[in-house]
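# Geometric and topological summary
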Amino acid sequence: WIVSWWPIALIVVLAAGVVAVLFFTGVPVGGIVMKSEEGMPFVAGAGVAVGLTIVTWLSTWLTDTVSLVYFATDFSDASMWLQDWRILAVVVVVSGVLGWLLTNWWYWIIGIEVLLCVIVLLAVCLASQLLHLWIDQTKLQHGEKLRDWRLGLRQSRKTMEEEVASLKKQLEASDHKKKNGGR
């Protein structure tokens with residue numbers, strides 16, 4: 001849609017013209033010749049940009065249709081469309097109908113998406129604050145009991161370790177007596 005603004009469209013067409021001149025003259029730019037394999041992406045990109053500009057000048061509905069078909073290639077495999085003409089026809093017809101319905105509504109749609117993003121961001125911030133509040137309340141409510149319980153566990157572990165150490169000493173002493181013949 002930005003290409004429908006004539007200064008941008010003029011820049012696109014002029015840049016594509018420069019690429020075309022470089023392609024036909026074979027002049028290398030930065031060590032890349034436009035007729036080579038390395039230069040073909042530039043030529044293809046310029047061709048698509050000029051094609052889109054011309055389509056935009058012809059009809060905004062057609063631009064919306066082409067854009068929706070392009071977006072559809074992001075969601076499914078475009079090679080599948082070429083295998084069966086009926087799938088391609090359905091995609092083009094649905095994109096055409098949606099393009100007709102959405103012509104000149106894109107700014108509203110994008111605005112609504114931005115508004116929804118802001119609403120979701122606010123909801124996430126609110127949920128985060130509520131979660132922090134809940135954690136703080138739980139800490140105040142049960143923190144003392146939990147700390148006492150942990151201290152009790154540490155004390156019982158220490159007692160058990162002392163008991164294990166004393167039993168090991170008794171076992172070593174009895175083994176020592178057995179080795180020395182009971183003395």
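The structure presented is a predicted model; accordingly, all values stated were derived computationally and were not measured.

On to the overall build of the protein, then. What the protein contains, in helices and strands, is six helices and zero strands. Reading the protein from its N terminus to its C terminus gives the helix and strand order α-α-α-α-α-α. When each of the 183 residues of the protein is scored for burial, the buried share is 13%. When contacts within the protein are restricted to residue pairs at least 6 apart in sequence, long-range pairs at least 24 apart make up 51% of them. If you sum the accessible surface of the protein, you get close to 14,800 Å²; carbon and sulfur atoms cover 72% of it. Each charge sign in the protein was given a centre, from 15 positive and 15 negative side chains, and these centres are 23 Å apart.

Moving on: the pattern of salt bridges. A complete count under the given rule lists two salt bridges for this structure. Across the salt bridge formed by Glu 144 and Arg 147, the nearest N and O atoms sit 2.4 Å from each other. Taken together, the residues span about one helical turn, with Glu 144 and Arg 147 both in helix α6 (residues 106–179) at a distance of three residues. Residue classification places Glu 144 among the partly exposed positions, given a relative accessible area of 45%.

Following both chains from N to C, one finds helix α3 (residues 60–75) and helix α5 (residues 85–102) inclined at 130°, their axes separated by 8 Å at the closest point. By the angle between their directions, the pair α3 and α5 is classed as oblique. As α3 runs across α5, the sense of the crossing is right-handed. On α5, the residues touching Trp 61, Asp 64, Thr 65, Leu 68, Val 69 and Ala 72 of α3 are Val 91, Val 92, Ser 95, Gly 96, Leu 98, Gly 99, Trp 100 and Leu 102. Tallied by class, the residues present in the contact of α3 with α5 amount to nine nonpolar, four polar and one charged.

As enumerated under the stated definition, the model contains zero disulfides in all. Not part of a disulfide, Cys 117 finds its nearest cysteine sulfur in Cys 125, a span of 13 Å. Since its relative accessible area comes to 55%, Cys 117 is described here as exposed.

This next bit is on the packing of helix α2 (residues 40–58) against α3. Between α2 and α3, the shortest axis-to-axis distance is 6 Å and the interhelical angle comes to 140°. Relative to α3, the element α2 is oriented oblique. Contacts between α2 and α3 pair Leu 52, Val 55 and Thr 56 from the former with Thr 60, Leu 62, Thr 63 and Val 66 from the latter. When grouped by side-chain class, the residues that make up the contact of α2 with α3 number four nonpolar, three polar and no charged.

On to the confidence of the model for the protein, then. In this model, the protein carries a mean pLDDT of 83, and residues with pLDDT of at least 70 account for 93%. Here helix α4 (residues 78–83) stands out as the element of the protein with the lowest mean pLDDT, 70, in contrast to α6, whose mean of 91 is the highest.

The next subject is the side chain of Ser 95. Examined against the element boundaries, Ser 95 turns out to sit in helix α5. Assessed through its relative accessible area of 6%, Ser 95 is described here as buried. Only 2.8 Å separates the side chain of Ser 95 from the backbone oxygen of Val 91, close enough to count as a polar contact. If sequence neighbours within four positions are ignored, Ser 95 has contacts with Thr 65, Leu 68 and Val 69.

Basis of the calculations
- Residues numbered from 1 in each chain as written.
- Predicted model: local features only at pLDDT ≥ 70, side-chain atom pairs only at ≥ 80, totals over all residues.
- Heavy atoms only, no water.
- Helix = DSSP H or I, 4+ residues; strand = E, 2+ residues; numbered from the N terminus.
- Buried < 20%, exposed > 50% of the residue type's maximum accessible area, 1.4 Å probe, protein only.
- Contact = heavy atoms within 4.5 Å.
- Areas by Shrake-Rupley, 256 points an atom, 1.4 Å probe, with all protein chains shown as cover.
- Lys, Arg positive; Asp, Glu negative; His and termini not counted.
- Charge placed at Lys NZ, Arg CZ, Asp CG, Glu CD.
- Salt bridge = Lys/Arg side-chain N within 4 Å of Asp/Glu carboxyl O.
- Axes fitted to C-alpha atoms, helices over the stretch in contact; angles between N-to-C directions.
- Parallel < 35°, antiparallel > 145°, perpendicular 65-115°, else oblique.
- Left-handed = near helix turned anticlockwise from the far one by under 90°.
- Nonpolar A, V, L, I, M, F, W, Y, C, P; charged D, E, K, R; others polar.
- Disulfide = S-S within 2.5 Å.
- pLDDT = per-residue confidence, 0-100.
- Polar contact = N/O pair within 3.5 Å; in protein donor to acceptor, adjacent residues only side chain to side chain.

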